[in-house]
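Per-entry structural report
Listed here are the chains, written in short residue letters.
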Amino acid sequence: LPVLVDTPAGIAQARITAIAAGDSSRMHTYSVVAADVAARARRAFAAAQPTIFVRAVARGLAKYLAKRQAEKEGGKYAGWAVNLLGAVTETADTRSWSLLPEKILLGQLDLPAGDYLLQVELLDPGGQTADRFTIPAVRITSGRSTFLDTRVH
């Protein structure tokens, strides 16, 4: 039966600092969890477990009955061949949630029009910086909302 293995990224939140070009004024914000994808995956997997179990039992029973019938009709080697065919055709479910993020973090800053450099610090559950990176040349235009999407892995 399949199992769902959590592989936490270890990032609890992000601290985002916008530095204005020219005058070096700074504005800070912290991200919030907009979506806990890992929790949704766990709930979906738990909901599917009974169906997965029933299908696995039915598949195993069908293969056993086919082997038994082959032994009755063709002897020991026919049963062995059906058993081997059943083992060869059994493949693991390789679909995976591994390419999805653990969570989606959202940070919001209300910035006046201008050019900015964004410094992003990824914080672990203890609030310590686990990683950092810079997003250069972000232009904010007056009267318009600007959305910036960055994937971190």
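What you see is a predicted model; the values in this text were computed from it and never measured.

A separate point is the overall build of the chain. Regarding its fold elements, the chain presents two helices and six strands. Computed over C-alpha atoms, the radius of gyration of the chain comes to 27 Å, more than 25% over the 15 Å expected from 2.2 N^0.38 for 153 residues, which places it beyond the range of a compact globule. On the principal axes, the C-alpha backbone points of the chain span a range of 90 × 30 × 25 Å. Across the 153 residues of the chain, 18% fall into the buried class. For the chain, contacts bridging at least 24 residues in sequence account for 63% of all contacts bridging at least 6. When the accessible surface of the chain is split by element, carbon and sulfur atoms take 57% of a total near 11500 Å².

A word on the pairing of strand β6 (residues 129-140). Where strand β5 (residues 114-123) meets β6, nine bridges bridge the pair, whose relative direction is antiparallel. Among the inter-strand pairings, Leu123 is bridged to a residue of β6, identified as Thr129. Hairpin connection of β5 to β6: five residues between the antiparallel strands, including Gly127 at a positive phi of 85°.

Before going further, it helps to examine helix α1 (residues 37-74). End to end, α1 covers 52 Å across 38 residues, agreeing with the expected 56 Å (1.5 Å per residue, within 8%). The sharpest bend along α1 reaches about 40° and sits at Gln49, with the proline Pro50 one to four residues further on. Along α1, the residues that are buried comprise Val37, Ala38, Ala39, Ala41 and Ala70. Where the residues of α1 are buried, they touch β3 (32-35), α2 (76-89) and β4 (104-106).

All right, on to the pattern of salt bridges then. Scanning the model with the defined rule gives four salt bridges in all. Here Glu71 and Lys67 are joined by a salt bridge, their closest N and O atoms 3.0 Å apart. Placement of the pair is Glu71 and Lys67 together in helix α1, with a separation of four residues, close to one helical turn. Residue class for Glu71 comes out partly exposed when judged on its relative accessible area of 30%.

What follows concerns unusual backbone geometry. Phi angles above zero are rare outside glycine, and Ala137 is one such case at about 55°. If you trace the backbone, Ala137 turns up in strand β6. On the basis of relative accessible area, Ala137 is assigned to the exposed category, the value being 72%.

With that out of the way, let us pick up the nonpolar core. Membership of the largest hydrophobic core is limited to twelve residues, which are Ile11, Ala14, Ala18, Ala20, Leu111, Tyr116, Leu118, Val120, Leu122, Ile135, Val138 and Ile140. Contributions of two or more residues to this core are made by β1 (13-20), β5 and β6.

In contact at an axis separation of 6 Å, α1 and α2 are set at 155° when each is read in the N-to-C sense. As judged from the angle between their axes, α1 and α2 are roughly antiparallel. Judged by the twist between their axes, the crossing of α1 over α2 is right-handed. Contact residues: α1 offers Lys63, Ala66, Lys67, Ala70, Glu71 and Gly74, while α2 offers Lys76, Ala78, Gly79, Val82, Asn83, Gly86 and Thr89. For the contact of α1 with α2, the residue count by class is four nonpolar, five polar and four charged.

Criteria and cut-off values
- Residues numbered from 1 in each chain as written.
- Predicted model: local features only at pLDDT ≥ 70, side-chain atom pairs only at ≥ 80, totals over all residues.
- Heavy atoms only, no water.
- Helix = DSSP H or I, 4+ residues; strand = E, 2+ residues; numbered from the N terminus.
- Rg over C-alpha atoms; globule rule 2.2 N^0.38 Å.
- Buried < 20%, exposed > 50% of the residue type's maximum accessible area, 1.4 Å probe, protein only.
- Contact = heavy atoms within 4.5 Å.
- Areas by Shrake-Rupley, 256 points an atom, 1.4 Å probe, with all protein chains shown as cover.
- Pairing = 2+ DSSP bridges.
- Expected span 1.5 Å × (residues − 1).
- Bend = angle between axes of the 7 residues up to and from the residue.
- Salt bridge = Lys/Arg side-chain N within 4 Å of Asp/Glu carboxyl O.
- Core = buried A, V, L, I, M, F, W, Y, C linked by side-chain atoms within 4.5 Å.
- Axes fitted to C-alpha atoms, helices over the stretch in contact; angles between N-to-C directions.
- Parallel < 35°, antiparallel > 145°, perpendicular 65-115°, else oblique.
- Left-handed = near helix turned anticlockwise from the far one by under 90°.
- Nonpolar A, V, L, I, M, F, W, Y, C, P; charged D, E, K, R; others polar.

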